[in-house]
Amino acid sequence: MAENRITQNLIVENHNLRLNQRSFMHLPRSLSALETWGFGFTGHLGWIGTAPLIHAALGSSAIFVWLPAAIVGMLLNLQVKRLGEHWPEISGGTPNYTTKLLKNYPGLARYAAIAYFVGWAGYLPINPIILTNLIKTNLEPLGIDCPETALKVGFTLIAYIVALSGTRALAILHTFFILPAVGFLLVFCLQGLGWLAFSPASPGFFPSSWSTLNFVDWAKWSFFAIYIAYACEIASAFVADSRRPGETLRFLNLSAWLIPPVMLGGSWVLMRLATVPDLGEDTFLNFFAATKPFWGESASLIVTLLIASSCLLACATAVSNAPRILYQLALDGHLSPVFAIVSRQGVLQPALIFSLCTSLIYLLWGDISRIVVVTGTSYLIAMMSVHLGLWLQRGKPEVRWPWWSLGFLVVEAVVLVVGGLTWSWQDMLVGLLSPIAVLACDAAIRRIAFMPFSPAWWIERYRVKSFQVKDFVAFQVIVLILLVCSATAIAWVLRDGIGQISRNASNNLLVILLMTIAFVAIAVACWTSLPQVAAIAEAREHAENLFIAALDTVPDTILVLDDSGAIRQANPAAVALFEIDVHQLIGRRLNHFLSGLAGSPEIWQSRSEQTWQDETSLRMIEVTLSHRSNRQLQEYIVILRDITERKQSEETLQQSEETARKQAIALEKTLRDLRHTQAQLIQTEKMSSLGQLVAGVAHEINNPVNFIYGNLTHVDNYTQDLLSLANFYQQGYSYTDPKIQDLIQEIDLDFLIEDLPKTLSSMKVGANRIREIVLTLRNFSRLDEADMKPVNIHEGIDSTLVILHNRLKHKPECPAIQVIKQYGNLPSVECYAGQMNQVFMNILNNAIDALQEQDKVRSLEEIKNKPSTLTISTQLLDKNWVIIRIKDNGLGMSASVKSQLFDPFFTTKPVGQGTGLGLSISYQIVVDKHGGQMKCLSQPGEGTEFQIEIPIGQTYKVNPSVDREVLG
């Protein structure tokens, strides 16, 4: 149960790690440019193992196989350089660039990248086989049976053991071994060509006849040539490790130009000089026959050294490159994240172990030809995908010669089909299926709950400190003694046999023995002393860089003095302080410049202030002294800081304090004036609002007053007529008296009796209208309610509309504005009623202005189709908050106007028609005095809506968690 629980936990951790793998799965940039260059030469050295096979089969016509492969290899290097410049963080080089080029075809991209991996993982066993054959050739004269399988497996394991110890140590040792190997190879090519051209013993630079070459043979052996010529771009695999990726990529130019002298020049030398019958495909015999004419007796030893070193170095490069392909594929999500795990030393252990298993399978499966056909098939598929991706991405800046790439793709497809079938369709099929087998293994790794398949398991292992020997020096001495004794014992055993064979064979065996022991020693050293040496070197380099950077960037002057006070070292800041070159400062005593430092540094104070008089001014220098001792001498570190400006600042500060006091008094007076001005501005806005209010009220009252005033004349006439009639009755006249009848007829008594009550009734209506307006005005102003009280918001809105009725109704110069009320069921709201009415007045006035401006530019037909409308709605947001919306269907406003809407003095009205304070004051009333919110929603051509949100009671001033935008 516990084991199952651990497995489940690891699966969960694996999922979590996959989500953020980039945060901890990162290759450190630990390699120098020279070390990445060393890996880049491996492709050229690979020519050594392949060339004899092609020349043994084709003779002089082999050059025609190498020629197109070399040309395309050069162009490929230059193209890969461009891709590396575009993706400098990509590890693994060409195959992982392919996944970017074929990003629209992820399945094909992953298959192609894995095919490239198979090509390199399968290339590694070729070198142990060549090295074993070399040893076997030299052991046959001794009558000693060669343990071929053990040697092949051993040489393969040595490369992986070295790689598992650390990338940095491997790169350094690889560089030291590859430089002489590449040197010998170039000497072979160039000296061989020179010897053929100028030596009297030369058989001639050009052959007397050419062997026949048909297309099938050309395609068959192009498998081998393409495999080697294209591999010269291997330096791109280490761009992500390089501390100078630009320098690493620039090597690809050099690599491209080295292809012709190595592959064409070397092939020409082999063609002309390795002509002895019965050489077969043996690498050593072919090169020995080709070099003996110009290297003489040394040829055997140098060729053995060249073959042995190139094979071992090719193994080292293969084990460094193949895991990086898996690493980048895992980072990009194409493979299981376990392959992206990196140790603190930059070792890709899971990817290395998988690569080792792949290499051992190919090693134990077939000979060189079969391995080359199988892995060459996969490699050729990968390069075809590269050229396909380049053509598909034509027009992109990172792609060069896309149409050439399309042509190369066609030729490579022909070589794959014709050459592969010529070699063996079974091996070709295995090569095509090998990437699928790798992908199947990856699918199993993703799904099987086995702890080493989980990134968390590896990370936990890296957290545990590795095994350390307590007495490490003694352990190293024991290892060295064992190595020396082993070498001596092997030499003792082989002494008698070596004495019985030729000198060349003995030297060859000695070289092989030394190279083997050297690489075994490298493997042991990589696990023992080299990590510590590399760590010490990196720590020292880091510390020196920090110290140099500090000296160069610190603005203070830093001096190192001897016990007499003479300057021994100085940083660049000393030049600016003393205006003397650093070299002229060395040897001079510091008290020559700072006279206050008398005697030796031993008696100086740890901190003091000194004066330095230069040609133009007097400076104040702060001196800080520290002591540093060693066994030979006493040294002092002195830090000098120019504090002249600080001293001047202190004096200036003292002088400015009095000025600051005076300014503070003046500022206080200015603030008082500002507050007075602010009060005046607010009063001006109130007066402006009051003017609008008075104008509206006056107009509303004017109509009923005019009506009453006009009817007073009729009432007066009616009254006089009635009084005259009453006077006749008082004089005793009867109803039938002619005078009474004449007067009744004159005053039209029947009409008077009918019209007088109507006139009085209409005057009463006008008086009631005046009374309602006065009550509305009182409700609007709330002059008797200075405190915050619960009020009916709807009454305040209605009162404001009554006052503004004159602006809303139809006039000759502007049509009527329709008002739509959509009142919700609101409770009484605790607020300053008069101030809230002022807010409604300001907003409604602005809305009416906007609608009238719109109607001025519209035709009567447009106004009829879309009349100007004001929509006023209220809503209960929740039990504590209400919202009032006032919306018009006017022209709206731009974002720039809306952003300044509540700023004081901002107005869009002409000069003299607006103060720019109405909305600013409204905003203060809503937000500051009521704890609410005021928003404006508007877009050009879509009208404007103001939203006012206020709490029902002042205990709810904190806005509730309500989505205002949704509610709006």
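Because the structure is a prediction, the values reported are computed rather than measured. All residue numbers refer to position in the chain's written sequence, counted from 1. Given that this is a predicted model, residues contribute local features only at a pLDDT of at least 70 and side-chain atom pairs are listed and counted only at 80 or more, while totals for whole chains, interfaces and linings are drawn from all residues. In computing side-chain values, all of the structure's heavy atoms are included and hydrogens and water are not.

**Student:** Explain the overall build of the chain here, please?
**Tutor:** The helix and strand inventory of the chain stands at 34 helices and 12 strands. Looking at the chain as a whole, 48% of its 968 residues are labelled buried. Think of it this way: any DSSP run of H or I at least four residues long counts as a helix, any run of E at least two long counts as a strand, and we number them from the N terminus. For the exposure calls, accessible area comes from a 1.4 Å probe over protein chains only, and a residue counts as buried if that area is under 20% of its type's maximum, exposed if over 50%, partly exposed in between.

**Student:** I'm lost on the pattern of salt bridges in this one. Help?
**Tutor:** When charged atoms on two side chains of opposite charge get close, those side chains can pair. When a carboxyl oxygen of Asp or Glu lies within 4 Å of a side-chain nitrogen of Lys or Arg, that pair is called a salt bridge. A full pass over the atoms with the stated rule returns 10 salt bridges. Of the charged contacts, one joins Lys821 and Asp798 as a salt bridge, the two residues approaching to 2.9 Å between their closest N and O atoms. Of this pair, Lys821 sits in strand β7 (residues 818-822) while Asp798 sits in helix α28 (residues 793-803), and the two are 23 residues apart along the sequence. Assessed through its relative accessible area of 44%, Lys821 is described here as partly exposed. In this structure, the salt-bridge partner of Glu853 is Lys856, at a minimum N-O distance of 3.4 Å. Of this pair, Glu853 and Lys856 both sit in helix α30 (residues 833-856), 3 residues apart, which is roughly one turn of that helix. The exposure class assigned to Glu853 is partly exposed, which follows from its relative accessible area of 46%. Residue Lys856 is classed as exposed on the basis of its relative accessible area, which comes to 61%.

**Student:** Would you mind going over the pairing of strand β1 (residues 557-561) with me for this structure?
**Tutor:** Put simply, side chains in a regular strand alternate between the two faces of the sheet. With 5 of 5 residues buried, β1 is to be regarded as a mostly interior element. Side chains Thr557, Leu559 and Leu561 of β1 all project onto a buried face; the interleaved residues Ile558 and Val560 project onto the opposite face, where all are buried too. The turn joining β1 and strand β2 (residues 567-570), which pair antiparallel and follow one another in sequence, is formed by 5 residues; a positive phi near 95° is taken by Gly565. Strands were regarded as paired on the criterion that DSSP finds at least two bridges between them.

**Student:** Can you walk me through the confidence of the model for the chain in this structure?
**Tutor:** Close inspection of predicted coordinates is inappropriate for parts of the model with low pLDDT. Scored by pLDDT, the chain has a mean of 76; 77% of the residues are at 70 or more. Taking the mean pLDDT of every element in the chain, the minimum, 35, falls on helix α34 (residues 964-967) and the maximum, 92, on strand β10 (residues 881-888). A residue's pLDDT is the predictor's confidence in that residue, given on a scale from 0 to 100. Residues are treated as being in contact if the distance between any of their heavy atoms lies within 4.5 Å. Note on residues 1-24: pLDDT is under 50 here. Beyond four places in sequence and across chains, it has 24 contacts. Predicted confidence for residues 958-968 stays below pLDDT 50, and this span has 20 contacts to residues more than four positions away or in other chains.

**Student:** I would appreciate a short explanation of the nonpolar core in the present structure.
**Tutor:** Most often, soluble globular proteins have nonpolar side chains that are buried together. With 157 residues, the main nonpolar core has Trp47, Trp66, Phe188, Met263 and Phe339 as its most contacted residues. At 21 residues, helix α14 (residues 299-331) tops the list of elements feeding residues into this core. Take the buried Ala, Val, Leu, Ile, Met, Phe, Trp, Tyr and Cys residues and link them wherever side-chain atoms come within 4.5 Å; each set so joined is a nonpolar core. Counting 38 residues, the second largest nonpolar core, distinct from the first, contains Leu826, Cys831, Ile848 and Ile948.

**Student:** Is there a simple way to think about the packing of helix α2 (residues 33-40) against helix α12 (residues 245-273) in this case?
**Tutor:** Helix-helix packing: each pair is described by the crossing angle between the helix axes and the interaxial distance. Each axis is a line fitted through C-alpha atoms, taken for helices only over the stretch in contact, and angles between the N-to-C directions span 0 to 180 degrees. Where α2 contacts α12, the two axes come as close as 9 Å, and the packing angle between them is 35°. For α2 against α12, the interelement crossing comes out right-handed. Of the residues in α12, those in contact with Ala33, Thr36, Trp37 and Gly40 of α2 are Glu247, Thr248, Phe251, Leu254 and Ser255. It is the rotation of the near helix from the far one that decides the hand of a crossing: anticlockwise by less than a right angle makes it left-handed, clockwise makes it right-handed.

**Student:** Can you help me understand helix α17 (residues 402-423) in this one?
**Tutor:** Each α-helix winds once per 3.6 residues, and so residues spaced three or four apart point in a common direction. Helix span, expected: 1.5 Å multiplied by one less than the number of residues in the helix. The terminal C-alpha atoms of α17 lie 31 Å apart, and with 22 residues this matches the ideal 32 Å at 1.5 Å per residue to within 8%. Taken together, the buried positions of α17 are occupied by Pro402, Ser405, Phe408, Leu409, Glu412, Val415, Leu416, Gly419 and Gly420. Down the axis of α17, the sector holding all buried residues measures 135°, keeping them to one side. On its buried side, α17 packs onto α5 (63-86), α11 (215-229), α16 (368-392) and α18 (425-447). Directions drawn from the helix axis to the C-beta atoms are what define this arc.

**Student:** Can you walk me through the side chain of Lys220 in this structure?
**Tutor:** Looking at the element boundaries, Lys220 is found in helix α11. For the purpose of charge, His is not counted, nor are the chain termini; Lys and Arg are scored as positive and Asp and Glu as negative. Of the buried charged residues, Lys220 lacks a salt bridge, with Asp217 as the closest side chain of opposite charge at 5.4 Å. In contact with Lys220, not counting residues within four places along its chain, are Gly419, Thr422 and Trp423.

**Student:** What am I meant to see in α2 here?
**Tutor:** Among the 8 residues that make up α2, 6 are buried, leaving the element largely enclosed by the rest of the structure. What α2 keeps buried is the set Ala33, Glu35, Thr36, Gly38, Phe39 and Gly40.

**Student:** For this particular structure, what's the right way to read the sheet that holds strand β9 (residues 869-876)?
**Tutor:** Two strands in a sheet stick together by hydrogen bonds in their backbones, pointing the same way (parallel) or opposite ways (antiparallel). Read across the open sheet, the 5 strands follow the order β7-β9-β10-β12-β11; overall the sheet is mixed. Edge positions in the sheet fall to β7 and β11 (933-938), since each has one partner strand and no second. Averaged over all pairs of adjacent strands, the angle between their axes in this sheet comes to 15°, without regard to strand direction. The sheet contact formed by β9 and β10 spans 7 bridges and is antiparallel. From the neighbouring strand, Leu876 faces β10, where its bridge partner is Val882. Packed onto the sheet, α28 meets β7, β9, β10 and β12 (944-951) and runs at close to 170° relative to β9.

**Student:** Can you walk me through a nonpolar patch on the surface in this structure?
**Tutor:** A contiguous nonpolar patch, built from Val417, Leu421, Trp425, Leu429, Leu433 and Ile436 and spanning about 570 Å² of accessible area, is present on the exposed surface. Among the elements of the structure, α17 and α18 are those that each provide at least two residues to the nonpolar patch. With 4 residues, the top contributor of residues to the nonpolar patch is α18. As for its position among the elements, Leu433 is in helix α18. Patch membership requires over 30% relative accessible area and the absence of a salt bridge. Like charges are linked within 9 Å, and nonpolar side chains (Val, Leu, Ile, Met, Phe, Trp, Tyr) within 5 Å. The Shrake-Rupley method, run with a 1.4 Å probe sphere, supplies the accessible areas, and residue values consider only the shown protein chains as cover.

**Student:** Can you help me understand the packing of aromatic side chains in this one?
**Tutor:** A ring pair, where both rings are aromatic, is described by two values, the distance of the centres and the angle of the planes. Note on ring pairs: Phe, Tyr and Trp rings are taken, using the six-membered ring of Trp, and paired if centres are within 6.5 Å. Classes follow the plane angle, with under 30 degrees stacked, over 60 edge-to-face and the rest tilted. Applying the stated rule across the entire model yields 25 aromatic pairs. Note on Trp195 and Phe294: the rings are 6.5 Å apart at their centroids and 45° apart in plane angle, and the pair reads as tilted. With Trp195 in helix α10 (residues 167-198) and Phe294 in helix α13 (residues 283-295), the pair connects residues that are 99 residues apart, well separated along the chain. In this structure, Trp195 and Phe294 share a single accessibility class: buried. Ring centres of Phe205 and Phe206 lie 5.1 Å apart, and the angle between their planes is 75°; this geometry places the pair in the edge-to-face category. An aromatic cluster of three or more residues is present, and its members are Trp47, Phe188, Trp195, Phe287, Phe294 and Trp295. For a Lys NZ or an Arg CZ to count as sitting over a ring, it must be within 6 Å of the ring centre and within 35 degrees of the ring normal. Residue placement shows Lys220 over the ring face of Trp423; its charged tip is 4.5 Å from the ring centre.

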